[in-house]
Amino acid sequence: MAAVKFTLNGKSQTVDVVPQMPLLWVLRDHLGMTGTKFGCGMALCGACTVHINGQPVRSCVTQVSTVAGKNVTTIEGLSADNSHPVQKAWIEADVPQCGYCQSGQIMTAAALVAKTTNPSDNDIDEAMRGNLCRCGTYQSIRQAVHLAARYQAQSGGAQAKGGAR
Amino acid sequence: MKTPTKINRRGFLKSSAAVGGGLVLGFHLPEKGQAQTSGPLKLNAFVKVGTDDTVTLEIHKSEMGQGTVTSLSQLLAEELECDWKKIRTEFPGVEPVYGTPMMGTYGSLSIRTSYNQLRQAGAAAREMLIQAAAQQWNVDKSQCRAENNSVINTATNARLSYGSLAAAAAKLPAPTNVPLKPAAQFKLIGTSPKRLDTPLKVNGSAGFGIDVRRPGMLYASLERCPVFGGKVASFDGSKAMAVPGVKKVVQISNGVAVIADNTWSAMEGRKALTIKWDEGKWASVSTPALRQEWAALAAKPGQSVRKVGDAATAFAGAAKKVEAVYEAPYLSHAPMEPLNATVEVRADGCDVWVSSQIQSAAQQTAAMITGLPAEKCQIHTQYLGGGFGRRGGADYVAEAVEIAKAMSPTPVKLTWTREDDLQHDTYRPASYVKFSGGLDAQGNPVAFSARIVCPPFGGNNTAVEGIQDMRYSIPNVQVEYTAPDTGTPVSYWRSVGYSQNCYFMEAFLDEMAAAAGKDPVEFRRALLAGTPRLLNVLNLAAEKGDWGKPLPAGRFRGVAVVNNIGSFNAQVAEVSVNQGKVKVYRVVCAVDCGQVVNPAIVEQQIQSGIVYGLGTVTKLGITLDKGRVVQKNFNNYDPIRIDEMPVVEVHIVPSTQNPGGIGEASTPTIVPAVVNAVYAATKKRVRMLPIRPADLV
């Protein structure tokens, strides 16, 4: 066991766990933050995507010891009230079906629109192809990412509110 | 371990339609001295009204993405005249009113079986609120009407909110057979309000089964025999116990469970187990051997499942004969949420928190294992992270109950890994079909025969549906069926037997059209005069899909039609094939599913079903080697990703006929639409899935 200190959704957090434990299970089982999902355990599906220092990362293969001193943002930290541009766009386009993969989809999309002002369909495919959806919401996701990019521009543009804290 | 209750989906449809009266609405006449004192007041099994004016609707069909929370709320609210913004929803426990003989969500039946029942429930609750208002005003109820969560006195324009009437209404007897609105007066049915579950699904707060947390809960991971039906011969858990966080190692019916204070430690402990297996009789099964065995079976006559006219004589007199063998592999469901269940077993009862499609099966399983009466086993339904038929089984619930029984009274959550999911699924069966088609000198079909070899599962027709009930009018038809025994567990997979049989049927029909020298759409049209709704969607898809019009260089079209789950759909797919690699650009789908409750959700389901089916054309297949499933994770069972997503256009036929199903409508159709387009592009027939690029170059 070892104490690991990092910033989680803007607040200082210390956990005392086996240092090899993936961040995913620290979030879900130790901290009760279940918005981040388990899908494959091998960085193949993207359901567990969180931001570490603003970059989208697969938490299922990220040992908790490696996030010491870093900023971690989860779906719960994106906004308190569904007001993040990507959440607004997801609601407007009614993207989710079963919804299980959507935390990961939204975190990946948030990182994309934070750095890319007006993403093309190709940009979206490139950024989002690591996030599986078995319900097949991809057409709505494309539409919602375009919309999110517009909302992001209205709220101060890329970089202003990318989910990284 | 006993298999959970077998489910006959068709039988259920019949019996649930036959139930009537109070059972349908779940009326509970209030007993004296037992008035409800807190929480929203129950008007019937589907409607509660709170004194704060909120309306709580009981959603008795599992929400696995197909939109039941929203569409069933629309059915209730249409008659209840409540404020859409004041609706709350919850998933109720197992009660006869929520499904007899069983509570569950399958067969694309939710709207079909709820369409009248929920409108009746909404109307009955509304009438009770109106009656309560009439009594308060001391006027006749004919002077009152309901609108937007209030009852209005039409003589005075006075209003009473539902919340203020709830307590009085809950004490009134429930009316039965309240007249329902005609379709022309619908305000909600046929419209697309935003999904009620979306806000919860964009911030991580929707509660899936895997998210359940109970005080003092422990976490389990289970090692099963890699060969189906195998058993533990002996095991050593001492190394597992040495893994930090591991609390206990427990043997259950079909494996060894490691229980820890977090999921990861349970999984790490499991890796440290040493187990000797008795692999049993299926340890040598392999896909190549099964294919050979089934080819031999298809060479012999099977059980006749459809016979029209005299196929043998018609073949003998046919001007041209077409023959082909088609094969489809086992498939895994692979819902995004790995299977899981959280169970607490006590001396006096058992609680199960689970994402389940068949709550009754979960309850019966818990009762059987704990020895408790079923009513002491409470099923708490959570949001499902995908179902597709997989969560109709109770195998994973049984495992969790066995583990929790061993750990009683500590609650335990069992979580499957993705590897467990792919290697211990109840699979869509593999299938092998030998077809013959006979044409006369003008190219008209005169005979058709199919010999189907497919492991049996579920109801009587599941292995043959899609061919046995094909809608083409051909004068002489012979369909035969042989059931092989493989030991591989099989079950319902989105669209069930149609998933493989419509691929076979529609691809072979294209072969007959080609042999007749006819256009695939024209050829089908001539054979569908007796099924006008299917003919209509074919024509609509052909028109909207620009059938016969020029395409960009290198692109080709294919068409297919399917009649399943009480609905009709046709699809036109546009593809290119480069060095054997198939790319799908555009799919146009025309669908007639009768009266539509929520068109946006219908469109979502058509898209969803197409993506689910499309993966099986180009990528997905489960194969066996030495009795083991070869595929392990999304690296070698890799579903469709966003960069492979075609543009999907959906055209809904307006209709006031009884609702058909939608969740499983489009999955079978996309497969032959694409392989028929691949033929147009390459002149090569795809007779085995998934497509291997080498077959097309």
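Residue indices begin from 1 for each chain and proceed along its sequence in written order. Lettering of chains starts at A and numbering of ligands starts at 1, both following the order in which they are written. pLDDT decides what is reported in this predicted model: residues at 70 or higher carry local features, side-chain atom pairs at 80 or more are listed and counted, and totals for whole chains, interfaces and linings draw on all residues regardless.

What about the overall build of chain A?
What chain A contains, in helices and strands, is 5 helices and 5 strands. We compute the radius of gyration from the C-alpha atoms alone; for a globule the expected value is 2.2 Å times N to the 0.38, where N is the number of residues. Radius of gyration (C-alpha) of chain A: 15 Å, near the 15 Å computed for a compact globule of 165 residues. The burial criterion counts other C-beta atoms lying within 10 Å of a residue's C-beta, which is placed from the backbone; the residue is buried at 20 or more, exposed at 12 or fewer, and partly exposed between these limits. Relative to its full complement of 165 residues, chain A shows a buried share of 59%. Pairs at least 24 residues apart make up 66% of the contacts formed inside chain A by residues separated by at least 6 positions. In DSSP terms, a helix is any run of H or I states spanning at least four residues, a strand is any run of E spanning at least two, and both are numbered starting from the N terminus. A residue pair is marked as a contact if its C-beta atoms, positioned from the backbone, fall within 7 Å.

What about the interface of chain B and chain A?
In this assembly, 50 residues from chain B lie in contact with 43 residues from chain A. Breaking the side of chain B that touches chain A down by element, the ones donating at least two residues are α6 (198–201), α8 (263–271) and α17 (599–618) of chain B. Residues are grouped as follows: nonpolar covers Ala, Val, Leu, Ile, Met, Phe, Trp, Tyr, Cys and Pro; charged covers Asp, Glu, Lys and Arg; every other residue, Gly included, is treated as polar. Its residues assigned to classes, the side of chain B that touches chain A shows 25 nonpolar, 15 polar and 10 charged.

Describing the domain arrangement of chain A
Residue and element names in this part refer to chain A. All domain edges in this entry derive from an automatic or database-based domain assignment. Taken domain by domain, chain A comprises domain 1 (2–74) and domain 2 (85–154). Distance from the C-alpha centre of domain 1 to the C-alpha centre of domain 2: 21 Å. Each side of the interface is counted separately: domain 1 has 14 residues, and domain 2 has 11 residues. At 3 residues, strand β3 (residues 49–52) tops the list of elements feeding residues into the side of domain 1 that touches domain 2. Among the residues making up the side of domain 1 that touches domain 2, the classes are represented as 5 nonpolar, 8 polar and 1 charged.

With respect to the sheet that holds strand β18 (residues 412–415) of chain B
All names here are of chain B. Overall, mixed pairing links the 7 strands, which are arranged β10-β11-β8-β18-β15-β16-β17 in an open sheet. Two strands bound the open sheet, and with one partner strand each, they are β10 (246–252) and β17 (377–381). For this sheet, the mean inter-axis angle between neighbouring strands, taken without regard to orientation, is 25 degrees. Strands are labelled as partners when DSSP assigns at least two bridges between them. One ladder, built from 3 bridges, connects strand β8 (residues 218–224) with β18; its direction is parallel. From the neighbouring strand, Leu 218 faces β18, where its bridge partner is Val 412. Helix α11 (residues 359–370) rests against β15 (340–346), β16 (349–354) and β17 of the sheet, and its axis sits at about 145 degrees to β17. To obtain each axis, a line is fitted to C-alpha atoms, and for helices this fit is confined to the stretch in contact; angles are then taken between N-to-C directions over 0 to 180 degrees.

Things to note about the domain arrangement of chain B
All names here are of chain B. Assigned domains within chain B: domain 1 (22–201), domain 2 (209–280 + 339–415) and domain 3 (287–331 + 426–696). Centre-to-centre separation of domain 1 and domain 3, based on C-alpha positions: 41 Å. With 17 residues of domain 1 at the contact, the number on the domain 3 side is 19 residues. Elements represented by at least two residues in the side of domain 1 that touches domain 3 include exactly α3 (68–80) and α4 (110–137). At 4 residues, α3 tops the list of elements feeding residues into the side of domain 1 that touches domain 3. Considering only residue class, the side of domain 1 that touches domain 3 consists of 7 nonpolar, 9 polar and 1 charged.

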